[in-house]
Amino acid sequence: MPDCGFPFRAMSGVNRKEKKYAKLMRNQPSNITFSSSNQGAGRSGMGPSESPSFTSFQGTVGGHVQQQQQVASSHQPSSYGEHQRSSHRGGFRGYRGNSRGSCHGYSQIPKFITATTFAQARAAEINAMLKAVTHKSGSQFLQSLPPTMRRRAMSHNIKRLPRRLREIAKKEVEKISQLKKEQSKSKSRKARRRHGNLLMEFNRRQRKNIWLETHIWHAKRFHMVKKWGYCLGNKPTTKSYRACYRAMTKQCLLQDLSYYCCLELNGTENNLLQALARLSSTDAGATFASVACLSGKRQGSLVLYKADQYPEKPLGPVTFLWRPTTQSESSSGNRQLWIWTHPALKMELLTELRLVCQCLDVPVPEPAPNECKTITHEPEKQTKVVGLKRKQQDKAGELAIPEKKIVGNGTRDPLTTVLWTSLTTGITIEDLTMEIMRFRLIGPLSHCVIFEALQAADVLKKSEGKEATETHCWWSEYCKRPENVNRHNCQRDILELLLGVASPAEISAGTVLGLTVGDPRLNMPKNRTTAIPDLSQPEDLEKLRDLRLNGIGAECAQSQIWDRNARNVVTETKISEQKLNQMRSKLLVPGSHLDLGSQESKIPILLVQQPGKMAGQEHTGWGSGWDILIPKGWGMAFWIPLLLFFLIQIYRGARAGGLQEGTKHSQYKGLPHFPDDFPDCPAGIQHSVETEKELIGKYNKYPPAKRPNYIHHGTMSPFRSPWQQLVEEWESQNQGGDIKLPVSGKEQEQRLEARNSNKKHIGVCENKASEATPNEEKPSEPDEVSESVTALEPNIGCENLQNLITQGTPAESGHFSVLRSRKLLKQISMWSQPSSSRGQQTQRHRGPAQVQMASHAVKSIICSHPRFLIWVRLSLLKKGNPVANATICVPSKEDLHLLVSDPNCPGPQESKHRDPFKQNCKALKNKKKRALSKAPETAVAADLGITSVSGCGVNLVQGLWPDQIQNVTSHCSRRTIGYISQGDFSLIVGCGEAQGFVSLLGLLHMMSNQPQDQRGLALVRNPASLQYRFAKINIEV
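Here the structure is a predicted model, which is why all the values come from computation and not from measurement.

Topic: the overall build of the chain
And then number 1: In terms of helices and strands, the chain carries 39 helices and 24 strands.
And then number 2: When the 1037 residues of the chain are sorted by exposure, 46% land in the buried category.
And then number 3: Of the contacts made within the chain by residues no fewer than 6 positions apart, 76% connect residues no fewer than 24 positions apart.

This is the structure in structure tokens:
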């Protein structure tokens, strides 16, 4: 039907009007009803004859009225639909005029009504009308004023009203505010999305990645990253790069290193040393058997290798700590050792430890003590649970609540083995990951912060010991022995002596101090105060001198944190924050000190001194500080007091740092950072692969016009350093005779005489000329001689080369390693003439005599270490800012002459390279477009011929070389000898500094062909630049 939609439009309009009318009449009394036809009367265009004027009389008047009403109602349509259908039959819209189907009026109208009966029936309406008239609404006090006196400000400021209306307005405002409170508003989106039970939600979110105890504090202030199975703070959200450096230099910087893993070894001293000796070598430095470390008063550090594989297959750096011997341990002969390692190194190290300790016997797994369990209550015992409205329900139902929050490792499976025991050696290995918290304080005021925030625990008396036996049994038992009390008093005196030390660098490196402190939450100041050292002359000046010279004795390094039972008791008996706040609220004087007496918690801790910059002769001691080892569960209890004492004035630069600040701290100290600066370790290789994927993904997000074309810059690997290919190419060049080494005058004469005796056709005149002519006048003669000598053979200066080949050298194993032999590093460091960062104080640091590079020593190093890298630190002579993956090249003779003639020259420049893959990329792009236009649904990257167009069998990206690169050393005009692992502008020196690795063969080749006053100069070029910069190579040991 063509007009079928017309009535429905009228119908929808009527429905809207009905709803509007119902909204207006919602406050009418409940005993008054209106029919649907009456609602439409007068509002839908009905005529006077169509309006049922007395339908509101139903059920209220006499019987004759009711009968008339029934009769009248029988003549009218039953609904609005009938009215619409009858009215639209005439072809008109609405109810105007008389239509064929409309009602023709009411024939029976009452002639009279009784006033009393009618008024009685209308009593409810009259009361509602009177109530509406007498009731004063919210705007009644404003309506009582004439319009000329009304002001907008009167609605929110009562004092703008006349005085006669202020009391009324106050009452009305109070009523309105009370109504608003009763009518709960809908919560904000943030509040609605907030979980009803945060504890349950936080425990659920810790199943994949471990949260530190300070995670929530860091999550509000740091950029968080997920690394190595942890959620860690990378860097602060505020602009604090230079502020953190100032904190490390002048004040204090705090870091949470609790993600480092601790492995505990128990056994006899001989068995432990015999097993661990297979993982290290004395050639690389101190080992586990160091005398100072073995006594327990020093912390040691070293690089571990796979069993009996030194100097190849390293695992990574670790720090270790021996427990000082006690009387019980000295009689039994058992020792306890803690090995702290990076989480990326934990599994490989644990495998090697089990191998060398013969702990291959797997015991029955013990349930993890920190696992969050769920308790299901019975239906009879109803427990009132707060927040049922938005609380998530698990399998146990609504009444399933977590017993307590996760403390420690929340990702560990309760069936996972954490303890391994050897039946042959008796050695036990236990995983203490997240069982001990570790905080690091860096800066000259770190010991002052510790002194202000921590106070030594009070010794319990006999009367107090009985009261504290139930809660602090370990401390009461500890104080019963006089030797323990004397040790505790000695440790307290040493802590007080630390306040007279200007910097932690004055203390011996790795010094350990055991201590038992009270609850640090009770010692927090009302306001943030400054921790400043007291440099006045102390009373015990001799003790302070002895502390600086000899450090802390092994007796004072003892602590009960080594005891597992004591740690568990301290964690379980910790007073919650809620109870502490309740106790504070009951104090007579608010804000006064809360004294718990014998009920105060006693926490055993360890203070370990962290040495600062030790390599080189510049800024010695920079970056020193202290590490605090505390039991689990007390992280935030120590974190907040430490912050309050050195986050004193945010404008003075004290900060809390993250992973970025830790990397810069290692870079400024001149130490390799794990895993960035360990390319030969499994963790370092994995880190470089992940970093390369991340950088490639970021590079591909930019269009080709907004990203650098590394092919034009001559950079073959901008996102990852090809160490393996670098050492292989230098080794092949050495075997081919391309590396030229200088030969001294005496060696030249001896080798020429031996050659002339073997070759009879050489004339005597040529031999005399070669002996008479000095090296300076004939520079080409030594080059020719050196060319014949560089082709190394096993019987020339390489006595141990055959043994290395039989054992499997790095060249045969196909892997490279980093040189860590301290003897060879010192020798090469003397050859490179270490100088200051700017190269302006070379003469002062050079020493009394310059060291000559003996050719036999160089050749022996080359023969025994063909595929080795060496870690170097580079300092730019002039301006420049090196970045990661920058190339380290050999300067030519012209470059060195240019530097001598013009000291302010920036350096040579690389010519722009041609892009051989440009046309292939365009063809690939066009082919992909055509394929997508033909079959967009079935177009796949494999069907587009990506690999066939490139011709390299790999995916081709515009601006990047294919994966299979070649000739990394001779691709550019200057030969490449290494790459930079990390670099930036150094705030401690004031110039660009970088750390990286160079090929050992390439470094010796470069230094042997350089003048003695310019030995160690190299060129550095960033991946996205054509400019070379002069830099000085420093090998600091």
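Looking at the sheet that holds strand β15 (residues 603-610)
And then number 1: Across the sheet, which stays open at both edges, the six strands sit in the order β14-β15-β16-β13-β4-β17 with mixed pairing between neighbours. A strand with exactly one partner marks an edge of an open sheet, and here the two such strands are β14 (512-517) and β17 (655-656).
And then number 2: The pairing of strand β4 (residues 253-256) with β17 spans two bridges and is classified as parallel. The partner of leucine 254 across the bridge, within β17, is alanine 656.

Things to note about the confidence of the model for the chain
And then number 1: When pLDDT is averaged along the chain, the result is 75, and 70% of the positions lie at 70 or above.
And then number 2: Within the chain, strand β9 (residues 374-375) has the poorest average pLDDT of any element, 32, and strand β20 (residues 887-889) the best, 95.
And then number 3: Low pLDDT, under 50, characterises residues 34-106; the stretch is placed with 90 contacts to residues that sit more than four places away or in other chains.
And then number 4: Confidence drops under pLDDT 50 across residues 835-849; counting only partners more than four residues distant or on other chains, this segment forms 23 contacts.

Section: the sheet that holds strand β1 (residues 210-211)
And then number 1: If you walk across this open sheet you meet the three strands as β1-β3-β2, and the pairing is mixed. The open sheet is flanked by β1 and β2 (222-227), the only strands paired with a single partner.
And then number 2: Set on the sheet, helix α25 (residues 659-669) makes contact with β2 and β3 (230-236); between it and β3 the angle comes to about 70°.

Topic: helix α17 (residues 446-453)
And then number 1: Of all eight residues in α17, six are buried; the element is thus mostly enclosed.
And then number 2: Along α17, the residues that are buried comprise Ser446, His447, Cys448, Val449, Ile450 and Ala453.

Here we look at the pattern of salt bridges
And then number 1: Applying the stated rule across the entire model yields 25 salt bridges.
And then number 2: When the shortest N-O distance is used, the salt bridge between glutamate 483 and arginine 481 registers 2.8 Å.
And then number 3: Glutamate 483 gets classed as partly exposed once you look at its relative accessible area, which sits at 33%.
And then number 4: With its nearest N and O atoms 4.0 Å apart, the salt bridge here joins lysine 613 to glutamate 1036. Here the residue lysine 613 occupies a position in the loop between β15 and β16 (625-631), and glutamate 1036 occupies one in the segment after β24 (1029-1034), the gap between them amounting to 423 residues.
And then number 5: Overall, lysine 613 belongs to the buried group, its relative accessible area being 6%.

Calculation rules
Residues numbered from 1 in each chain as written. Predicted model: local features only at pLDDT ≥ 70, side-chain atom pairs only at ≥ 80, totals over all residues. Heavy atoms only, no water. Helix = DSSP H or I, 4+ residues; strand = E, 2+ residues; numbered from the N terminus. Buried < 20%, exposed > 50% of the residue type's maximum accessible area, 1.4 Å probe, protein only. Contact = heavy atoms within 4.5 Å. Pairing = 2+ DSSP bridges. pLDDT = per-residue confidence, 0-100. Axes fitted to C-alpha atoms, helices over the stretch in contact; angles between N-to-C directions. Salt bridge = Lys/Arg side-chain N within 4 Å of Asp/Glu carboxyl O.

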